[in-house]
Amino acid sequence: MTHFDVIVVGGGHAGVEAAAAAARMGASTALVTHRIATIGAMSCNPAIGGLGKGHLVREVDALDGLMGRVADRAGIQFRLLNRRKGPAVRGPRTQADRKLYARAMQAEIAATPNLTLVEGEADDVAIVGGRVAALVMADGRRLDAGAVVLTTGTFLRGLIHIGELKVPSGRVGEGPALGLSLTLERAGFALGRLKTGTPPRLDGRTIDWAGVEKQAPDAEPTPFSALTARIDTPQIECGVTRTTAPGHDLIRANLHRAPMYSGDIQSRGPRYCPSIEDKVVRFGDRDGHQIFLEPEGLDDLTVYPNGISTSLPEDVQRGLLAHIPGLERVVMLRPGYAIEYDYIDPRELAPTLETKRVRGLFLAGQINGTTGYEEAAAQGIAAGINAARRASGADGVTFDRAESYIGVLIDDLVTRGASEPYRMFTSRSEYRLSLRIDNADERLTPKGEAVGCVGPERAGAFRVSQKALRAARARLDALSLTPREAARHGLDLNQDGVRRTAFQLLSYPSQSLARLSAIWPELAGLPRGVAERLETDATYAVYLDRQSADIAAHRRDEGIGLADDLDFTALPGLSNEIRMKLDRVRPRTLGQAARIEGITPAAITLLAAHARKRPRPEPVGPGE
């Protein structure tokens, strides 16, 4: 077969979600990858989720994506982070068995209808009349396409650094992609360079496990997928240790050999996941930095020392390890390294992740300046949905930042760009009380059903869960008591004569469903997930009412569209700097314009006045 509706380049975390989503939408889809055996490979840390990232996984799952249920099958140490904080900022995370994860992902891909796997190197994208026409392989094959999604990860002119050693590579053992960078440059895209890194890999048999702390998994694992009934994979402990002052001294003595400090690497790395060299330089007053010793699998002797990403020379890495408690005699199986790669300024993209320069060309993952498996998966599913719709002639689908972290991620990228690798945090969302891990399906599954990317199994499970939640909430609303009646049950309420429902009582800090069940026995026995959701809704009820007003204001601004052909450089009353910023991003709505860095309230007022003078385009809302 040489013609497809959608072709996805890259079998990483963005690529598999894009290909599976397009195929679920009914598009004939090809997934092109260097090697089929590396589909779903975890190039860096074998872990899924975390703070902010876990929200993205839940949202991908709500759209019937793959990452959540695959992680549930491969997870070997589930932990709910921020458990002591509010439900809005808790983040599910699991350490994954690297082999189990890849195996489960490849099984999902193989079982997906409408999806063909193509092995080989993508070398060029044929563009005719400003639109994608085909993908050209390095061996000369031509695959015609209605839309192409590039999810190239770190492969675009990838260059590995280990001290003074430089190796052209997309990741260890695999060559870089060179032709696609040239294609993008010919099309007029300005490519930048970013870098990321990984720590050395250790032989777990040579670690002194008695000399390190232990971190146990949660007693009751919190799954990622709404379709996962229970976690069956055995759970393990991880180790915890720290760097030491002698190790820091060794790093300082060899900074001239570190590519980040010798001048060999000029590109920016992830600020929130710095190398151990950066930590020692930037936080010189600290006597140690925490390291998590994370086994890479149930039957794999390899251990990932999370916290010491480095590109120092091999001999320095070995010396550093010898100064770490528990690792004094450890055998290093593979050195850590930094990798530089090309990316495109994501302000080149529309909110659908289609490029503005070339119709039918979509980008997702690290090529857009992000870092992390979860950020890649979120972009991948959005790009796959929109590529399928582009190929069929349908309008694109956008994700509102008030409805999802996927919306926050994409809006941040296309509006503000990325000068360093972007990663998700809950603090990036101004509406995070509404965007919780427990309501991702409620926020996104109906949207996924409407556009055709949610299958019948998930749709059915969603209807069942929503029915149970509505019934439980109705039960709480139907039960009530007066302050005097409450006092007889030991509840201290304001003696104002006002009758309060069980749901209202649940919002009190001292109350829980367990305690209210002593008053109303019919509340006992609610499913755990339903009970936790009701307690969260009650806790946040007053704050959510206030946030709803903020969301309504946000959507009013998002409803004021700006013409696609608006010449921002000719608008009177704006400074040249603001004109240039507006023209660089070309915002689609007044709300997006307001989120561009450096755009003043006065400029927004002028834009609003201009928008009112012109015929208003169709609203650009969350359902488009």
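Residues numbered from 1 in each chain as written. Predicted model: local features only at pLDDT ≥ 70, side-chain atom pairs only at ≥ 80, totals over all residues. Heavy atoms only, no water.

**Q** Summarise the environment of Ile127; cite the residues concerned and give the values.
**A** Its location among the elements puts Ile127 in strand 7 (residues 122-128). Between the alpha carbons of Ile127 and Val358 there is a distance of 7.7 Å; along the sequence they are 231 residues apart. (Helix = DSSP H or I, 4+ residues; strand = E, 2+ residues; numbered from the N terminus.)

**Q** An account of the nonpolar core is needed here, citing residue identities and associated values.
**A** One finds Val6, Ile7, Ile48, Tyr101, Leu150, Leu361 and Ile406 to be the most contacted residues of the largest nonpolar core, which totals 95 residues. Top contributing element to this core by residue count: helix 10 (residues 373-392), with ten residues. Discounting chain neighbours no more than four positions away, the residues touching Tyr101 are His13, Gly40, Met42, Ile48, Met67, Val70, Ala71 and Ala74. The next biggest cluster of nonpolar side chains, apart from the first, holds 22 residues, and it includes Leu469, Ala472, Leu493 and Ala531. (Core = buried A, V, L, I, M, F, W, Y, C linked by side-chain atoms within 4.5 Å. Buried < 20%, exposed > 50% of the residue type's maximum accessible area, 1.4 Å probe, protein only. Contact = heavy atoms within 4.5 Å.)

**Q** Tell me about the sheet that holds strand 3 (residues 47-49), residues and numbers included.
**A** As summarised here, the arrangement of the three strands in space is 3-5-4, forming an open sheet in which the pairing is antiparallel. On the outer flanks of this sheet lie strand 3 and strand 4 (75-81), each paired with one strand and no other. Strand after strand, the sheet turns through a mean of 15° between neighbouring axes, direction not considered. (Pairing = 2+ DSSP bridges. Axes fitted to C-alpha atoms, helices over the stretch in contact; angles between N-to-C directions.)

**Q** How would you explain the sheet that holds strand 19 (residues 337-344) if you had to name every residue and give the values?
**A** Taking strand neighbours across the sheet as the criterion, the four strands line up as 11-10-19-12 in an open arrangement whose pairing is antiparallel. Two strands in the sheet have a free side with no partner beyond their single neighbour: strand 11 (165-168) and strand 12 (191-198). Mean inter-strand twist for the sheet, computed between neighbouring axes without regard to direction, equals 25°. The pairing of strand 10 (residues 159-162) with strand 19 spans three bridges and is antiparallel. Bridge assignment links Ile160 to a residue of strand 19, and that residue is Ile339.

**Q** I'd like to hear about the packing of aromatic side chains, residue by residue, with values.
**A** Inspection of the entire model under this criterion finds one aromatic pair. Taking the centre distance of 6.3 Å and the plane angle of 50° together, the rings of Phe78 and Phe224 count as tilted. Highlighted residues: Phe78 in strand 4 and Phe224 in the loop between strand 14 (213-215) and strand 15 (238-242), separated in sequence by 146 residues. Assigned by exposure class, Phe78 and Phe224 land together as buried. Geometry around Phe189 places Arg357 over its ring, the cationic atom sitting 5.7 Å from the centre. (Phe/Tyr/Trp six-rings, centres within 6.5 Å; stacked < 30°, edge-to-face > 60°. Lys NZ or Arg CZ within 6 Å of the ring centre and 35° of its normal.)

**Q** Help me get a handle on the pairing of strand 1 (residues 3-9), residues and values and all.
**A** Of all seven residues in strand 1, five are buried, a share of seventy percent or more. Looking at chain direction, strand 1 and strand 9 (residues 142-150) are connected through six bridges and run parallel. Across the sheet, the residue bridging to Val8 is Val149, located in strand 9. The pairing of strand 1 with strand 2 (residues 29-33) spans four bridges and is parallel. Following the sheet pairing, Ile7 is matched in strand 2 by Ala30. Traced from strand 1 through helix 1 (residues 13-24) to strand 2, the parallel crossover comes out right-handed. (Right-handed = clockwise from strand over helix to strand, strands pointing away.)

**Q** Which residues make up the pairing of strand 11, and what values do they have?
**A** As paired elements, strand 10 and strand 11 share four bridges and run antiparallel to each other. Within the sheet, the bridge partner assigned to Leu159 lies in strand 11 and is Pro168. Turn length for the strand 10-strand 11 hairpin, with the two strands adjacent in sequence and antiparallel, is two residues, and the turn residue Gly163 shows positive phi of about 60°.

**Q** How would you explain unusual backbone geometry if you had to name every residue and give the values?
**A** Here the phi dihedral of Asn82 falls at roughly 60°; this positive angle occurs in a residue that is not glycine. Structurally, Asn82 can be placed in the loop between strand 4 and strand 5 (91-96). By relative accessible area, which is 24% here, Asn82 ends up partly exposed. Phi at Asn114 takes a positive value of approximately 70°, unusual for a residue other than glycine. Assignment of secondary structure puts Asn114 in the loop between helix 4 (98-110) and strand 6 (115-119).

**Q** Which residues make up the side chain of Asp537, and what values do they have?
**A** As for its placement among the helices and strands, Asp537 is situated in helix 17 (residues 528-558). Residue class for Asp537 comes out buried when judged on its relative accessible area of 14%. Those residues in contact with Asp537 that lie beyond four places of it in its chain are Arg436 and Phe503.

**Q** Could you give an account of helix 17, naming the residues involved and the relevant values?
**A** Here helix 17 spans only 37 Å end to end across 31 residues, well under the 45 Å set by a 1.5 Å rise per residue. The largest bend in helix 17 comes to about 65°, at Ala541. (Expected span 1.5 Å × (residues − 1). Bend = angle between axes of the 7 residues up to and from the residue.)

**Q** Give me the pattern of salt bridges: which residues, what numbers.
**A** Within the structure shown, the criterion is met by 54 salt bridges. The salt bridge involving Arg73 is made with Glu108; its shortest N-O contact spans 2.3 Å. Pair noted here: Arg73 is in helix 3 (residues 67-74) and Glu108 is in helix 4, with a separation of 35 residues, a long-range link. Under the relative-accessibility criterion, Glu108 is labelled buried at 14%. For the salt bridge of Arg252 with Asp249, the shortest nitrogen-to-oxygen distance reads 3.1 Å. With a gap of three residues between them, Arg252 and Asp249 both fall in helix 6 (residues 245-253), about one helical turn apart. A cluster of three or more residues bridged by salt bridges with shared partners is formed by Arg401, Asp411, Asp412, Arg416, Glu430, Glu558 and Arg595. (Salt bridge = Lys/Arg side-chain N within 4 Å of Asp/Glu carboxyl O.)

Taken by themselves, the reported measurements are silent on function.
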